[in-house]
Structures are given as structure tokens and as C-alpha cells.
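Reading the structure
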Amino acid sequence: MGTQITRLTRLAAAGLSAVLLFATAACAATSPAETEPDNKTSVPAPTGPINVVASLNQWGSLAAELGGDDVEVTSIVNSTNVDAHDFEPKTSDVAKLSKAQIIVANGAGYDSWATKSMAKTTNIVSAASVMGAMEGDNPHLWFSKDARSSMATAITDAYVKALPSKKKAFQKRLKAWQAGEKSLETWASEFTRSHSGLTYAATEPVVYYLMADLGFKNQTPKGYMQSTASGGEPAPADLQSFQKLIEDKGVDVLVNNTQEASDATNMITGAAGRADVPVVDVSEQMPKDTDTLNAWINQLINTIIDAVDPSYGCEDATDGNANSDDSSADGAATDDANAHDSKASTGSSTEPKYIRQCKAATSSDSSQDSAKADASNGDSGDASGNDQTDSGK
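Being a predicted model, the structure only gives us computed values, none of them experimental.

Below, the discussion takes up the nonpolar core. Counting residues in each nonpolar core, the largest one holds 71 residues, and the members touching the most others are Trp59, Phe143 and Tyr159. Take this core: its biggest share by element is 8 residues, from helix H5 (residues 145-162). Summarising the domain contributions, this core has at least three residues from each of domain 1 (50-187) and domain 2 (195-308). Ignoring any residue separated from it by four or fewer positions in sequence, one finds Trp59 in contact with Ala54, Val104, Ala105, Asn106, Ala127, Leu141, Trp142, Ala147, Arg148, Met151 and Leu293.

Here it is in C-alpha cells:
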């Protein structure tokens, strides 16, 4: 009996020891977890501004417009004097690209240098990737309304990812940009609906997408078009076909890329001048006299309309000028009308105003001002002459 009690005592002691050992192990396992938050260093949220580098100033201007004060944008190619096709970045350009948080590029073989030196942590937004374009496709994607809209969304998404705390501000800017883009597209569509069957030819296929958006049919001779697209010189026969097309007035307008001038393009534009075929000069990079990508597109569309139908959208303004003696009142009335039209199409007078800029109305104003000045000078001369005659008498 005493032996059994001893054994039971030993078993109870062993069980108690096991329980104590398990509890000690559990405490040892949970203690670090309980103190872990105190030992960890919290990672601060990004505050911005975001360092953005764009390969081209046209995409850079869009990136800046969408980012506002929350981004710092640098554009590498930012002059119409630079041929982007043959551009070689400097060491300083490579350094900027390597330090960028976001790179905004065109792609499709147009600026392949822009992504060669990017860091592993850099986020790239490429128009070609967004649009599914490949090398060999027409790379001038910024002239496409679809590419502009898709890039605006993609750039904003990249901004939100890089700086989540400013999500609402980024989305607000995107919404305002989309409203402006819609007004631009609506205005362009109205022109297209009332002008069917328009044709064009181009010394370079730089505004292919813009002309397609406006409903123009490309009549550039295929041989010439293929040679320029591949960067080669056109064959004499293709050049002669192009020249004959112009001399026969086979197109409504000739588009000339001012950044790709050559003896061949000079011959073609010269033929257009002799045949009275209007020439629209364009550049690949955004000129300095425009602040935003869509303002540049608006300017180009106005130039194209002036070439084929200068009175379009300007009839009311011209009539108003002709029937009024007060040119300042005309200007105010025109400004009010433009503001009203813009507000109606965009929903807010504070949004971008993409409107018809009437060259015809401006010319009419200048002609009337000149006529008034001549009349005034004539009256002055007559009075002076009469005074002299009277004095002689």
C-alpha cells in the first residue's frame, strides 16, 4: 500500500512538472511576439513630390498637368530643334532617368534609350504598352485621342501608387483633364461630321493619328510612305508620283513635318505652293508657345481647319464684326460666346477651353481697323489740304 502511494505521488509530481514546463515554454514563445511591435521601426509614408522623368516634352506636359504640385517633372527631349528619332541622351540625362521614381515614355521604338538605365524600383508608364503598339507601328502616339486618354489614366494610377495620400487630388485632376479632352473631341467630331471626304498627303507620317481622328483620308503615294516610314530616301519614281499628286490638286491639304526637312520635302512643298495646295506645318515635339498637350492639339486642329475651310465656325463672329462699329464690343461679344460654348461643352468655365480660334474673324478685324485708319488719314489729309488752299488764297 505504501508502495502504491509513493508511485502515485511520483506520477503526480511528474505531471505537475510537465505542466509547468509547457507553461514556461509557452510564455517564452509568446513573450517576443508581445514585445515585437516595440522593437520594430515603422516605415514613414511617402510624402512627395514624386520625381517624374519623361522622355518627350509632350508626354511630360501631360504628366505635369495631372500631377500638379505633387510631382516634379523633367522632360529630356523638349525642343523642336531636336530629332527624337536620332536622339542620344547625355550622361546627365541618363542620371536623371536612373533616379526617377516614374518614367513616362512613348515606346514603339521611338525612345528606347529612355528605359535602358532605369532602376529596378522605377515604375514606367509607356504609351506603346498602354495601346498595345509595337516597334514598326507609327510611334507618334500622342496625336491619338485614344492614346492620350489611356495615358492620362495610366499616369494617374502610377501617381496614386507612388503617393497614396494624394489619391483624391490626383483623381480630381484626372477628372478635370478628361472633361477638357471630351470637349476637344466633341468639337473635332462636329467638324468631321460636316466635312466628309477630305484628303491629305504628308511628307512624314507624323500626324497620322490626328488626321484619322479628324476623318481625313491619307492619299500619300504608298512607295513614298513606306520609304519615309522606314527612315529611307524615297525613290525618284515615288517622288515624281507625289509631285504629280500635288500638281494635280489630288489632296485637300499637305502636311509637312518641319523637323524632317530635306531636298525631297522642299520639292514637294514647293510644288504645293505653285499649285495653291494649302500646307500645314507640324513638329513632332511640342513647341514652346503651348503649355499643355491638349492646347497644342487644339492649336493644330485650328490650323488644319483654316487650311481646308477657314470660315468654319467663324461665320457668326465674322458677321458680328461686319455689322458693328465698335471693335472692342465685338471682341467682348466673341469672348462671351466662346466662354459660353466652352462652359456648355465642358460643364465648367474653369476647365480648359478647347474652341475654334477664328483666323478669318481676326483677319476681318485687322482689315476693318486698317480701313478705318485709312479713312481717318484720308479725312485728315483733305482737311489739311483745304486749310492750305484757303491759306494760299
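That was the structure; now back to the text.
Attention now moves to the state of the cysteines. One pass over the structure, following the stated rule, counts 1 disulfide. Disulfide partner of Cys314: Cys358, at an S-S distance of 2.3 Å. Between Cys314 and Cys358, the disulfide has an S-S torsion of -100° and is therefore left-handed. Separated by 44 residues along the polypeptide, Cys314 in the loop between helix H11 (293-308) and helix H12 (315-322) and Cys358 in the loop between helix H13 (327-346) and helix H14 (359-392) bring together distant segments of the chain. Pair check on accessibility: Cys314 and Cys358 agree, each one buried.

Let us look at the sheet that holds strand S4 (residues 123-126). Taken in spatial order, the 4 strands line up as S2-S1-S3-S4 in an open sheet, and their pairing is parallel. The open sheet has two edge strands with one neighbour each: strand S2 (71-77) and S4. If you compare each strand with its neighbour and ignore which way they point, the axes differ by 20° on average. The pairing of strand S1 (residues 50-56) with S2 spans 6 bridges and is classified as parallel. Note on S2: the bridge partner recorded for Asn51 is Glu72.

Read from one edge of the open sheet, 4 strands run S6-S5-S7-S8, paired in parallel fashion. Each edge of the open sheet carries a strand with a single partner, namely strand S6 (217-218) and strand S8 (279-282). Here strand S5 (residues 199-202) runs beside strand S7 (residues 253-257); their pairing, made up of 3 bridges, is parallel. The residue of S7 that forms the bridge with Tyr200 is Val253. On top of the sheet, helix H10 (residues 263-275) reaches S7 and S8; it is set at about 150° to S7, its chief contact.

A few words on the packing of aromatic side chains. Note on aromatic pairs: each is described by the distance of the centres and the angle between the planes. A full pass over the atoms with the stated rule returns 9 aromatic pairs. Taken together, a centroid distance of 5.2 Å and an interplanar angle of 40° make the contact between Tyr159 and Phe170 tilted. Residue Tyr159 is located in helix H5, and its partner Phe170 is located in helix H6 (residues 167-194); the two are separated by 11 residues in the primary sequence. Side by side, Tyr159 and Phe170 carry an identical accessibility label, which is buried. Linked through ring pairs, Tyr110, Trp142, Phe143 and Trp296 together constitute an aromatic cluster.

For Thr156, the location among the structural elements is in helix H5. Owing to a relative accessible area of 2%, Thr156 belongs among the buried residues under this scheme. With residues near it in sequence (within four places) discarded, Thr156 still touches Leu66, Phe170, Gln171 and Leu174.

Turning next to the confidence of the model for the protein chain. Model confidence for the protein chain is summarised by a mean pLDDT of 80, while 71% of its residues fall at 70 or above. pLDDT under 50 marks residues 1-36. Its contacts with residues more than four places away, or in other chains, come to 0 contacts.

A word on the side chain of Asp93. Among the secondary structure elements, Asp93 is positioned in helix H3 (residues 91-99). A polar atom in the side chain of Asp93 sits 2.9 Å from the backbone nitrogen of Lys90. If sequence neighbours within four positions are ignored, Asp93 has contacts with Ile76 and Phe87.

Summarising burial for S7: 5 of the 5 residues are buried, a large majority. Taking every second residue as pointing to the same face, both faces of S7 are buried, with Val253, Val255 and Asn257 on one and Leu254 and Asn256 on the other. Bridge count between S7 and S8: 4 bridges; the pairing is parallel. Looking across to S8, one finds that Leu254 is bridged to Val279.

Take the pattern of salt bridges next. One pass over the structure, following the stated rule, counts 5 salt bridges. A salt bridge links Asp248 to Lys244, with the shortest nitrogen-to-oxygen separation between them at 2.7 Å.

About the cut-offs
Residues numbered from 1 in each chain as written. Predicted model: local features only at pLDDT ≥ 70, side-chain atom pairs only at ≥ 80, totals over all residues. Heavy atoms only, no water. Core = buried A, V, L, I, M, F, W, Y, C linked by side-chain atoms within 4.5 Å. Buried < 20%, exposed > 50% of the residue type's maximum accessible area, 1.4 Å probe, protein only. Helix = DSSP H or I, 4+ residues; strand = E, 2+ residues; numbered from the N terminus. Domains from an automatic or database assignment. Contact = heavy atoms within 4.5 Å. Disulfide = S-S within 2.5 Å. Pairing = 2+ DSSP bridges. Axes fitted to C-alpha atoms, helices over the stretch in contact; angles between N-to-C directions. Phe/Tyr/Trp six-rings, centres within 6.5 Å; stacked < 30°, edge-to-face > 60°. pLDDT = per-residue confidence, 0-100. Polar contact = N/O pair within 3.5 Å; in protein donor to acceptor, adjacent residues only side chain to side chain. Salt bridge = Lys/Arg side-chain N within 4 Å of Asp/Glu carboxyl O.

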